[in-house]
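Chain by chain, the residues run as shown.
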Amino acid sequence: MSYADVNGINLYYEIQGEGRPLILLHGGLGSGEMFAPVLPAFTANRRVVLPDLQGHGRTADVDRPFDIRTMADDIAALIDHLGLEKPDVVGYSLGGGVGLHLAIAHPQKVGKLVSASAGIRRNATHADILAQQGQVTGAAAEFMKETPMYESYQRLAPRPEDFPRLLDKIGAAMAVDYDLTDEVRGLSVPTLIVGSDADIVPAAHFVEIFNLLDGGLRDGGWTGEGRPKGGHALAILPGTTHYSLFMSPLFPAVAMAFLDQEG
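Report follows, based on the coordinates. (Residues numbered from 1 in each chain as written. Predicted model: local features only at pLDDT ≥ 70, side-chain atom pairs only at ≥ 80, totals over all residues. Heavy atoms only, no water.)

## Remarks on helix H5 (residues 148-156)
The cut-off we apply is this: Here the term buried applies to any residue with accessible area under 20% of the maximum for its type, exposed to any over 50%, and partly exposed to those in between, with areas from a 1.4 Å probe on protein chains only. Helix and strand assignments follow DSSP, with helices taken as H or I runs no shorter than four residues and strands as E runs no shorter than two, numbered in order from the N terminus. What the arc measures is the spread of directions leading from the helix axis to the C-beta atoms. Only heavy atoms matter for contacts: two residues are in contact if any of them lie within 4.5 Å across the pair.
When we look at burial in H5, the residues that qualify are Tyr-150, Ser-152, Tyr-153 and Leu-156. Buried positions in H5, seen along its axis, are confined to an arc of 165° and lie on one side of it. Buried residues along H5 sit against helix H6 (163-174).

This is how it looks when you write it as structure tokens:
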């Protein structure tokens, strides 16, 4: 349990397990501890670094907007701080987006990437979810007091009173339009795209991302010669949702199968 002063933020992180380094990035309104149900599957043969992103868990917020690109720079700086040599990165939801931006902006710092439940276009998100996201403001804090997210924040945050401010900043960030189509098309880090079969974007959107990565465009061939040139892959996890994927045993199973595959 440590803190790193990186990129203008005092970033909390834990390290568990031994082996090749792996950075595990949590979802929005969560923290590294949300992976507790599946963490043993990641730490079985890996040295897992669990950061708490800006304003989440034990990492206090700072005077800057919530921006996934900046959070990716935080993780790049943490990699340097820890002296890690091209760690693999696994991210879920918000963490999946941070992982994508990390691989786009700092490809030389990442071995392989697993990006789970993270869309690359805002308008790919189901309309009812976009409407719900539009209601995320500090005013909603009172209505969230019985939720696990509120309980976790009150227990872990250096300044528990910041919860309404956190909701304001997350709501503002989710209202910003984005489209990473061009950036993803040029992604050089071998990437596994993971989605739930009932996610906040259609499963077809994960296929769209895979297509941008040269995947699913032809038969793979008897020896895999037709697979994506960059070593990319796709997994849709059955029987999961956006809110259960991160604790499904299928998640570490497919992630580690991809990360441990040679070549």
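## Observations regarding the pattern of salt bridges
Basically, it comes down to this: Any carboxyl oxygen of Asp or Glu that lies within 4 Å of a side-chain nitrogen of Lys or Arg is treated as forming a salt bridge with it.
Tallied over the entire structure, the rule returns 17 salt bridges. We note a salt bridge from Arg-20 to Asp-88, for which the minimum N-O separation is 3.4 Å. Pair noted here: Arg-20 is in strand E3 (residues 20-25) and Asp-88 is in strand E5 (residues 88-92), with a separation of 68 residues, a long-range link. The partner of Arg-46 in a salt bridge is Asp-260, and the shortest N-O contact between them spans 3.1 Å. Here the residue Arg-46 occupies a position in strand E4 (residues 46-51), and Asp-260 occupies one in helix H9 (residues 250-260), the gap between them amounting to 214 residues. Arg-46 gets classed as buried once you look at its relative accessible area, which sits at 1%. In this structure, a network of salt bridges that share partners links the residues Arg-20, Arg-46, Asp-88 and Asp-260.

## Regarding the packing of helix H2 (residues 68-82) against helix H3 (residues 94-105)
Note the following rule: Note on method: axes are straight lines fitted to C-alpha atoms, helices fitted across the in-contact stretch only, with angles between N-to-C directions ranging 0 to 180 degrees. Between 65 and 115 degrees an angle is taken as roughly perpendicular, under 35 as roughly parallel, over 145 as roughly antiparallel, and anywhere else as oblique. Each residue is assigned to one class: nonpolar for Ala, Val, Leu, Ile, Met, Phe, Trp, Tyr, Cys and Pro, charged for Asp, Glu, Lys and Arg, and polar for all the others, Gly among them.
Following both chains from N to C, one finds H2 and H3 inclined at 70°, their axes separated by 8 Å at the closest point. Between H2 and H3, the crossing angle belongs to the class labelled roughly perpendicular. Facing H2, whose interface residues are Ile-68, Arg-69, Met-71, Ala-72, Ile-75, Ala-76 and Ile-79, H3 presents Leu-94, Gly-97, Val-98, His-101 and Leu-102. When grouped by side-chain class, the residues that make up the contact of H2 with H3 number nine nonpolar, two polar and one charged.

## Comments concerning the sheet that holds strand E7 (residues 191-196)
Here is the rule we go by: Should DSSP find at least two bridges between two strands, the strands are taken to pair.
Read from one edge of the open sheet, eight strands run E1-E2-E4-E3-E5-E6-E7-E8, paired in mixed fashion. Whereas interior strands pair on both sides, the edge strands pair on one side only; in this sheet they are strand E1 (2-6) and strand E8 (233-237). Taken pair by pair, the neighbouring strands of this sheet meet at an average axis angle of 20°, ignoring direction. Running at roughly 60° to strand E2 (residues 9-16), H2 makes contact with E1, E2, E3 and E4 of the sheet. Running at roughly 145° to E5, H3 makes contact with E3, E5 and strand E6 (113-116) of the sheet.

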